[in-house]
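Commentary on secondary and tertiary structure
Here are the chains, one letter per residue:
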Amino acid sequence: MGINHKRDAGTQPAVAPSESVLSGQTKGERLTDMFARSISYLRISLTDHCNLRCQYCSPQEGQVKLTSEELLSYEEILRVVRIAVSLGIEKVRLTGGEPLVRRDVLTFIKALAEIPGLTDIRLTTNGVLLADYAEALQKAGISKLNISLDTLRPERFQQITGVDAFARVWAGISKARELGFSPIKLNVVALKGVNDDEFIDFARLTLTEPLQIRFIEFMPIGVSALWDKGKYISSQEIKELIKPVGPLEPVPAKHMDGPARIYRFSGAVGSVGFISPISHHFCDRCNRLRLTSEGRLRSCLLSDQETDLKESLRNGATDSAIRELMVATILNKPKGHTISPDGPGNCHGQMSRIGG
Ligand code: SAM
């Protein structure tokens, strides 16, 4: 595959385009945007290809997949990450599409783990290939996993995802537990009339299993086959539904914790999280940038404003020119998003290319 492990000379911190706004130009400091949000986290969609076809994620008309030429190459992604680290990024999450379906992903992760200053590499997966990959992922440098699982019922899993793979995902979760991955977070997209009758079962799992169950509000992204506002259910409503399990105690957030608000049932081994992008915007705390699978830098999940890095990467741009593009993207990060349960606002991009 020919990954270049050398650190580019040009990825050292450089002079800020605007010293008054940016603070991330010296070691130990980080780039802040126009609203004093410190940007430390890059999510990367490694591919838009996936081995599931979740109704809420796939476009209505069927998905046109990127060709391997259209995807950013691993070398290109590594270069972007090196530059991002020089601007203060410490944490990277690999997502997709399904990151584990991309060829040579382990070699790529090993190269990523060698980037000095990158302290935290995580993965979001649908879990279908996890049982086979878990050990190698751990060796390659991943210790924290998010696994998406919207139902605990095999038949329903097939209805939602189009594939009969519940047992494989469950085997992947078991394997990750056996290997000591921690934390293991299960992402459950809350869909009224689809899986809301299982929220209690998911919540009960945390009583005995060291899992964090994260209920995610359904977002109107792109034109998904399942989206309709009647399927949206707020975190507050989910909390009500799981009340019979017991009282929830808040768990204090840790450094680098995401936007989830975490709770625990009294005496439970695991925890429950609520991610509420629609009912409780967390834009004021957003520390994220996203690199789409076709090489666009996106400063807000729910806004289609993007910077094309691929064109520059392929046209001989220097690292400092790429860095300037990244800085400009951060400076243009919107204050907040405008999405509501009523519609997609200004987000029409494809989830699999953006990576969630
Ligand atoms: N294939 C991987 C997986 O399944 O986790 C990574 C990509 S997937 C796009 C990332 C996350 O986005 C998953 O947890 C998925 O459930 C969530 N997601 C996709 N579409 C969504 C939507 N419209 N609203 C909320 N979450 C969504």
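Scope of this entry: the structure provided in the associated data block. Here the structure is a predicted model, which is why all the values come from computation and not from measurement.

Let us look at the overall build of the protein chain. Of regular secondary structure, the protein chain possesses 10 helices and 12 strands. Across the 356 residues of the protein chain, 55% fall into the buried class. Within the protein chain, contacts between residues at least 6 apart in sequence are counted, and of these 74% link residues at least 24 apart. On the protein chain, roughly 15100 Å² of surface is accessible, and the fraction owed to carbon and sulfur atoms is 51%.

In this description, a pair of aromatic rings is defined by centroid distance and the angle of the planes. Inspection of every chain in the model, using the stated rule, returns 7 aromatic pairs. Taken together, a centroid distance of 4.6 Å and an interplanar angle of 15° make the contact between Tyr74 and Phe108 stacked. Linking Tyr74 in helix 1 (residues 74-86) with Phe108 in helix 2 (residues 105-113), this pair joins segments that are 34 residues apart in sequence. Accessibility assignment for this pair places Tyr74 and Phe108 in one class, buried.

A few words on the site of the ligand. Taken together, 18 residues surround the ligand, and among them Tyr56, Gly97, Glu98, Ser148 and Met219 come closest. One of the side-chain N or O atoms of Tyr56 is found 2.9 Å from an oxygen atom in the ligand. Gly97 places a main-chain nitrogen or oxygen 2.7 Å from a nitrogen atom of the ligand. For the ligand, whose accessible area on its own is 550 Å², the fraction buried by protein is 94%. If you list the elements that add at least two residues to the shell around the ligand, you get strand 3 (120-125), strand 5 (184-190) and strand 6 (211-217).

Time to look at the sheet that holds strand 4 (residues 144-148). The 12 strands lie next to each other as 7-8-9-6-5-4-3-2-1-10-11-12, forming an open sheet whose pairing is mixed. The two strands at the open ends of the sheet, each matched to only one other strand, are strand 7 (248-250) and strand 12 (306-308). Geometrically, the sheet is characterised by an average inter-axis angle of 25° between neighbouring strands, direction not taken into account. Bridge count between strand 3 and strand 4: 4 bridges; the pairing is parallel. Within strand 4, the position partnered with Arg122 by the bridge is Lys144. Lying on the sheet, helix 1 is in contact with strand 1 (41-45), strand 2 (91-95) and strand 10 (288-291); it crosses strand 1 at an angle near 170°. Relative to strand 12, helix 9 (residues 319-331) is tilted by about 170°, and along the sheet it contacts strand 10, strand 11 (296-298) and strand 12.

On to the environment of Cys283, then. Within the fold, Cys283 resides in the loop between strand 9 (271-275) and strand 10. According to the relative accessible area criterion, Cys283 is buried, its value standing at 13%. In sequence terms Cys283 and Pro259 are 24 residues apart; their C-alpha atoms lie 9.1 Å from each other. Excluding residues within four positions of it along the chain, Cys283 makes contact with Arg37, Lys335, Gly336 and His337.

Time to look at the pairing of strand 3. The two faces of a sheet get side chains in turn, since along a regular strand they alternate between them. Counting buried residues in strand 3 gives 6 out of 6 residues, a clear majority hidden from the surface. When strand 2 meets strand 3, the two strands line up parallel, connected through 4 bridges. Among the inter-strand pairings, Lys91 is bridged to a residue of strand 3, identified as Asp120. Each parallel crossover has a hand, and for strand 2 linked through helix 2 to strand 3 it is right-handed. Read from strand 3 through helix 3 (residues 130-140) to strand 4, the crossover connection turns out right-handed.

Alignment of strand 4 against strand 5, held across 4 bridges, turns out to be parallel. Within strand 5, the position partnered with Ser148 by the bridge is Asn187.

For the structure shown, the criterion picks out 0 disulfides. Cysteine Cys54 remains unbridged, with the sulfur of Cys57 as its closest cysteine sulfur at 6.1 Å. Given the relative accessible area of 13%, Cys54 is considered buried.

Cis peptide bonds are those with omega within 30 degrees of zero, and the linkage from Ser182 to Pro183 qualifies with 0°. Position of Pro183 among the secondary structure elements: in the loop between helix 5 (166-178) and strand 5. Even without being a glycine, Ala36 presents a positive backbone phi close to 65°. Structurally, Ala36 is set in the segment before strand 1.

As a further point, take the packing of helix 2 against helix 3. One can describe the packing of helix 2 onto helix 3 by two numbers: an axis separation of 9 Å at closest approach and a directional angle of 20°. With respect to each other, helix 2 and helix 3 are oriented roughly parallel. The chirality of how helix 2 crosses helix 3 is right-handed. Taken together, the residues of helix 3 that come into contact with helix 2 (itself represented by Val105, Leu106, Ile109, Lys110 and Ala113) are Tyr133, Ala136, Leu137 and Ala140. Along the lines of polarity and charge, the residues of the contact of helix 2 with helix 3 split into 8 nonpolar, no polar and 1 charged.

Calculation rules
- Residues numbered from 1 in each chain as written.
- Predicted model: local features only at pLDDT ≥ 70, side-chain atom pairs only at ≥ 80, totals over all residues.
- Heavy atoms only, no water.
- Helix = DSSP H or I, 4+ residues; strand = E, 2+ residues; numbered from the N terminus.
- Buried < 20%, exposed > 50% of the residue type's maximum accessible area, 1.4 Å probe, protein only.
- Contact = heavy atoms within 4.5 Å.
- Areas by Shrake-Rupley, 256 points an atom, 1.4 Å probe, with all protein chains shown as cover.
- Phe/Tyr/Trp six-rings, centres within 6.5 Å; stacked < 30°, edge-to-face > 60°.
- Near = heavy atom within 4 Å.
- Polar contact = N/O pair within 3.5 Å; in protein donor to acceptor, adjacent residues only side chain to side chain.
- Pairing = 2+ DSSP bridges.
- Axes fitted to C-alpha atoms, helices over the stretch in contact; angles between N-to-C directions.
- Right-handed = clockwise from strand over helix to strand, strands pointing away.
- Disulfide = S-S within 2.5 Å.
- Parallel < 35°, antiparallel > 145°, perpendicular 65-115°, else oblique.
- Left-handed = near helix turned anticlockwise from the far one by under 90°.
- Nonpolar A, V, L, I, M, F, W, Y, C, P; charged D, E, K, R; others polar.

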